[in-house]
Amino acid sequence: MYIDNNWYGHKKILLNYLNLKYQSIFGSIQHGWILEDRVRKTNYGKRTLTLAPFLCWNKKIENIIKENNIQNVHAIGAPFLYLCDIKKEIIENNIKNVGTFAFPFHSTLEEKIIFDHEGFIKKIEENFTPPYYVSLYNEDLTSDITSLYKNKNWKIISFGKRENTNFLEEFLFEILKFKTVVFSEVSTGFFYSMYLQKETKIIYSKKPNKEFFFFRDYKNNGFNKNEINKIFLKNYPFIDKDKYDKNKGLQLAKKELGFDNFKSHNDLRKILKIDNFYIKIFSLIFKFLVIIKSKIQ
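Residues numbered from 1 in each chain as written. Predicted model: local features only at pLDDT ≥ 70, side-chain atom pairs only at ≥ 80, totals over all residues. Heavy atoms only, no water.

## Considerations on the packing of aromatic side chains
Thinking step 1. Tallied over the entire structure, the rule returns 32 aromatic pairs.
Thinking step 2. Aromatic pair Phe159 and Phe171: ring centres 5.9 Å apart, planes at 70 degrees, arrangement edge-to-face. Here Phe159, found in the loop between strand E6 (155-157) and helix H8 (167-175), pairs with Phe171, found in helix H8; they are twelve residues apart in sequence, far enough to count as distant. Comparing Phe159 with Phe171 shows no difference in burial state: the two are buried.
Thinking step 3. Sitting above the plane of the Trp7 ring, Arg162 keeps its charged end 3.9 Å from the centroid. (Phe/Tyr/Trp six-rings, centres within 6.5 Å; stacked < 30°, edge-to-face > 60°. Helix = DSSP H or I, 4+ residues; strand = E, 2+ residues; numbered from the N terminus. Buried < 20%, exposed > 50% of the residue type's maximum accessible area, 1.4 Å probe, protein only. Lys NZ or Arg CZ within 6 Å of the ring centre and 35° of its normal.)

## Comments concerning the sheet that holds strand E2 (residues 54-56)
Thinking step 1. One open sheet accounts for three strands, arranged E1-E2-E3; its pairing is parallel. Edge positions in the sheet fall to strand E1 (28-29) and strand E3 (73-75), since each has one partner strand and no second.
Thinking step 2. Relative to E3, E2 runs parallel, the two being bridged by three bridges. Across the sheet, Leu55 pairs through a bridge with His74, a residue of E3.
Thinking step 3. With respect to the sheet, helix H3 (residues 59-67) is in contact with E2 and E3, its orientation differing from that of E3 by roughly 165 degrees. (Pairing = 2+ DSSP bridges. Contact = heavy atoms within 4.5 Å. Axes fitted to C-alpha atoms, helices over the stretch in contact; angles between N-to-C directions.)

## Thoughts on H3
Because an α-helix packs 3.6 residues into every turn, residues spaced three or four apart end up facing the same way.
Thinking step 1. Those residues of H3 that sit buried are Ile61, Glu62, Ile64 and Ile65. Angular distribution of buried residues about the axis of H3 spans 165 degrees; they occupy a single face of the element.
Thinking step 2. The secondary structure elements touched by the buried residues of H3 are helix H2 (36-41), E2 and E3.
Thinking step 3. For H3, the side-chain oxygen to backbone nitrogen distance between the N-cap and Lys60 is 3.1 Å, and the N-cap itself is Asn58.
Thinking step 4. Phi for Asn69, located one or two positions after H3, is positive at around 65 degrees. (Arc of directions from axis to C-beta. Polar contact = N/O pair within 3.5 Å; in protein donor to acceptor, adjacent residues only side chain to side chain.)

## What to know about empty space enclosed by the protein
Thinking step 1. The tally for this structure, following the rule as stated, stands at two cavities of 30 Å³ or more.
Thinking step 2. As for the second largest cavity, its lining consists of Gln30, Trp33, Ile34, Glu36, Trp57, Asn58, Ile61 and Glu256.
Thinking step 3. A class-by-class count of the residues in the lining of the second largest cavity yields four nonpolar, two polar and two charged. (1 Å grid on protein atoms, 1.4 Å probe; cavity = no way out; pocket = protein on both sides within 12 Å on 5 of 7 lines; lining within 4 Å. Points joined across faces, edges and corners; volume = space filled by probe spheres on them. Nonpolar A, V, L, I, M, F, W, Y, C, P; charged D, E, K, R; others polar.)

## Concerning the packing of helix H4 (residues 79-86) against H8
Thinking step 1. At a minimum axis separation of 11 Å, H4 and H8 run at an interaxial angle of 60 degrees. Overall, the two elements H4 and H8 adopt an arrangement that is oblique. Remark: the crossing between H4 and H8 carries right-handed chirality. Where H4 approaches H8, its residues Phe80, Leu83 and Cys84 are matched on the opposing element by Leu168, Glu169, Phe171 and Leu172.
Thinking step 2. Counted by class, the contact of H4 with H8 contains six nonpolar, no polar and one charged residues. (Parallel < 35°, antiparallel > 145°, perpendicular 65-115°, else oblique. Left-handed = near helix turned anticlockwise from the far one by under 90°.)

## Observations regarding the sheet that holds strand E8 (residues 199-202)
Thinking step 1. Taken together, the five strands give an open sheet; going across it, the order is E6-E5-E4-E7-E8, and neighbouring strands pair in parallel fashion. Since the sheet does not close on itself, it has two edges, and those belong to E6 and E8, each with one partner. Neighbouring strand axes in the sheet, compared pairwise and without regard to direction, differ in orientation by 25 degrees on average.
Thinking step 2. Bridge count between strand E7 (residues 178-183) and E8: four bridges; the pairing is parallel. Within E8, the position partnered with Thr180 by the bridge is Glu199.

## Topic: the nonpolar core
Thinking step 1. Ranked by internal contacts, the top residues of the largest apolar core, which has 59 residues, are Phe80, Phe190, Phe191, Met194, Phe232, Ile239 and Leu257.
Thinking step 2. Beyond its immediate chain neighbours, meaning those up to four positions away, Met194 contacts Thr200, Phe238, Ile239, Tyr244, Gly249, Leu250, Leu252 and Ala253. (Core = buried A, V, L, I, M, F, W, Y, C linked by side-chain atoms within 4.5 Å.)

## As for the pattern of salt bridges
Between side chains of opposite charge, pairing is possible as soon as their charged atoms come close.
Thinking step 1. One pass over the full model with this rule turns up 13 salt bridges.
Thinking step 2. Between Glu36 and Lys60 there is a salt bridge, and its shortest N-O distance comes to 2.6 Å. Of the two residues, Glu36 sits in helix H2 while Lys60 sits in helix H3, which places them 24 residues apart along the sequence.
Thinking step 3. Taking the relative accessible area as the measure of exposure, Lys60 reaches 31% and is therefore partly exposed.
Thinking step 4. In this structure, Glu169 and Lys87 form a salt bridge, with 3.4 Å as the shortest nitrogen-oxygen distance. On the criterion of sequence distance, the pair formed by Glu169 in helix H8 and Lys87 in the loop between H4 and helix H5 (88-94) is long-range, its members being 82 residues apart.
Thinking step 5. Under the relative-accessibility criterion, Lys87 is labelled buried at 18%.
Thinking step 6. Look at the salt bridges and you will find they share partners, linking Glu36, Lys60 and Glu256 into a network. (Salt bridge = Lys/Arg side-chain N within 4 Å of Asp/Glu carboxyl O.)

Following this line, the structure appears as structure tokens:
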């Protein structure tokens, strides 16, 4: 019923898991990985209608939100876990180990970022094996960016806008093909890749008088992602230059994605009140009110 429930196909995935036709979900879904400290310092999870549950990924996030006096919060695990459960046979039969898939940090509809794509390409070609593929977000599919990759004979893959309800499914099928998946910084896809037990790396360069350089302009970033990257590289050295440890990566991904909070069909139905007729009607009404409000703004 909230507009962003559709982002990346999250709502569709949960409904498919419950074997339900496409409909409104009574609740608000966490749509990406978020740093715990950012949850603690903001009103993350706050909504006008607390009768509708907030569906976060893991128990740590749930507890922090509750400490901020925000009610009706449930850790259910990331929707990506439900997608992997639905597609488990396909995953087992389609895992390949060839080449390198790169994920530079991307712009969004709200923010255009400055990123050193040329430096990113150079560093990857120096350290990883071809063929090379890059995932470009919809907002970065401009000729000045795409030409940098095409001129180096890289293949470009895009999963479209975040409103694409097949976004995560397309991501899943593509990432299964590769031996190594490289990110410019800690992000949602970083944990998805580790969960699929791909060799997952954070790539960086070094500049004079700087310990790390992550190819991105960090000004006006809201919080210091540079520091987050350095913390992860220090705490989990296997994502840097040490030999990658798939088991350690899997355990880290499970923790962040809320693997232990994955819900059964019955438990998820109860949280979403799927079988309550009045809730269904109310969620439809609220959905239209949200749409009207967004158009007015």
